[in-house]
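Listed below are the residues making up each chain.
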Amino acid sequence: MLIDFHTHTTASDGALTPAQLLSRAADRGVEVLALTDHDTLSGWQVAQSLQRDGITIVCGVELSCQWGGATIHVVGLNVNANSKALVDMLDHLQRIRRDRAVKIAAKLEQLGAQGALDGAQALAGEAAICRPHFAHWLVSEGYMPTVSRAFDKWLGNGKPGDIKTPWPSLADSVAVIVAAGGVPVLAHPLKYRFSRTKLRALCDAFSIAGGAAIEIVNGRQSDSEIVELRRLAKEKKLSVSLGSDFHREWAHGADLGVDVSVAGDVSGVWETIL
Ligand code: AMP
Ligand code: MN
Ligand code: MN
Ligand code: MN
């Protein structure tokens, strides 16, 4: 069975509309699809109104938060979109994103890229601005040759556009997902580039806060990373989740759909959700 519990649409920094994402998932034979846009449910709201045969749509979100001096992403699966705690958190996150975008744009303008805020907002459309909107705008205007160079030079960790942002705490974000009846999943544990010790401390903090699972597949990764993460899940008594983190069709990225057999003998979040 192919599932995908981590995907993005034009409601955040993805390139496909919710309808296009659903079509692509259907074409690829994905049976269960969670929409997990950054800090918003608006993509899921559109998708669930479309109702495609053969696909179960899961209401999800990828919350930006912080722990240990780093920005962490927690995916909430099967959340109740009407939960007041969640709706309030998302409003708060949208405000943080707006404030942050103004500050990032000011930095980019200091670096010579005039019109960054309007440019990024035009690419984001109705969505709140995410850093990839700035990156794509910088490429379209010729300031940067590629999106990945834009991150390496200006937008990535420790670069001028990496604005200190008052994201909520990991514990508060997990609590909001639990309050919304959802399953909290620690997204892409290896992407934080933590030491083994710090990664284990993150898993412990996540568990204590009410976290349920870690992603052992996030996009394209090596078999050895999957083995390492499966072992980590077992050690920390957490379930596992699987997702492509699909943003757009891209030669270096993963396409939609992961086979549940990748979980091996560890329990998967789909067992509680379906
Ligand atoms: P934001 O949540 O607005 O800070 O944007 C984070 C998003 O930027 C991630 O979800 C990725 O989609 C994208 N991203 C982060 N780092 C890179 C990178 N080095 N190259 C390309 N995209 C990146
Ligand atoms: Mn993203
Ligand atoms: Mn993420
Ligand atoms: Mn993501």
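Presented here is an overview of the structure given in this document.

Reading the values: the criteria
- Residues numbered from 1 in each chain as written.
- Chains lettered and ligands numbered in written order.
- Predicted model: local features only at pLDDT ≥ 70, side-chain atom pairs only at ≥ 80, totals over all residues.
- Heavy atoms only, no water.
- Buried < 20%, exposed > 50% of the residue type's maximum accessible area, 1.4 Å probe, protein only.
- Helix = DSSP H or I, 4+ residues; strand = E, 2+ residues; numbered from the N terminus.
- Pairing = 2+ DSSP bridges.
- Donors = N, O, S within 2.8 Å, 3.2 Å for Na, K, Ca; no water.

## Brief notes about the pairing of strand 3 (residues 56-67)
Okay, so step 1: Most of strand 3 sits out of view: nine of its 12 residues are buried.
Okay, so step 2: In the sheet, strand 2 (residues 32-35) pairs with strand 3 via four bridges, with the strands oriented parallel. Bridge assignment links Ala34 to a residue of strand 3, and that residue is Val58.
Okay, so step 3: Pairing of strand 3 with strand 4 (residues 70-77), which is carried by eight bridges, proceeds in the antiparallel orientation. Paired with Ser64 across the strands is His73, a residue of strand 4.
Okay, so step 4: Following strand 3, the chain reverses through two residues before pairing antiparallel with strand 4; Gly68 in that reversal takes a positive phi of roughly 55°.

## Overview of the coordination of the manganese ion (ligand 4)
Okay, so step 1: Coordination of the manganese ion (ligand 4) by the protein comes from His6 (NE2), His8 (NE2), Glu62 (OE) and Asp245 (OD), over a distance range of 2.1 to 2.2 Å.
Okay, so step 2: The sequence motif formed by the donor residues of the manganese ion (ligand 4) is H-x1-H-x53-E-x182-D.
Okay, so step 3: Between the manganese ion (ligand 4) and the manganese ion (ligand 2), the interatomic distance is 4.5 Å. A residue pair is termed long-range when its members are at least 10 positions apart, and His6 in the loop between strand 1 (2-4) and helix 1 (18-27) and Asp245 in the loop between strand 7 (239-243) and strand 8 (258-259) qualify at 239 residues.

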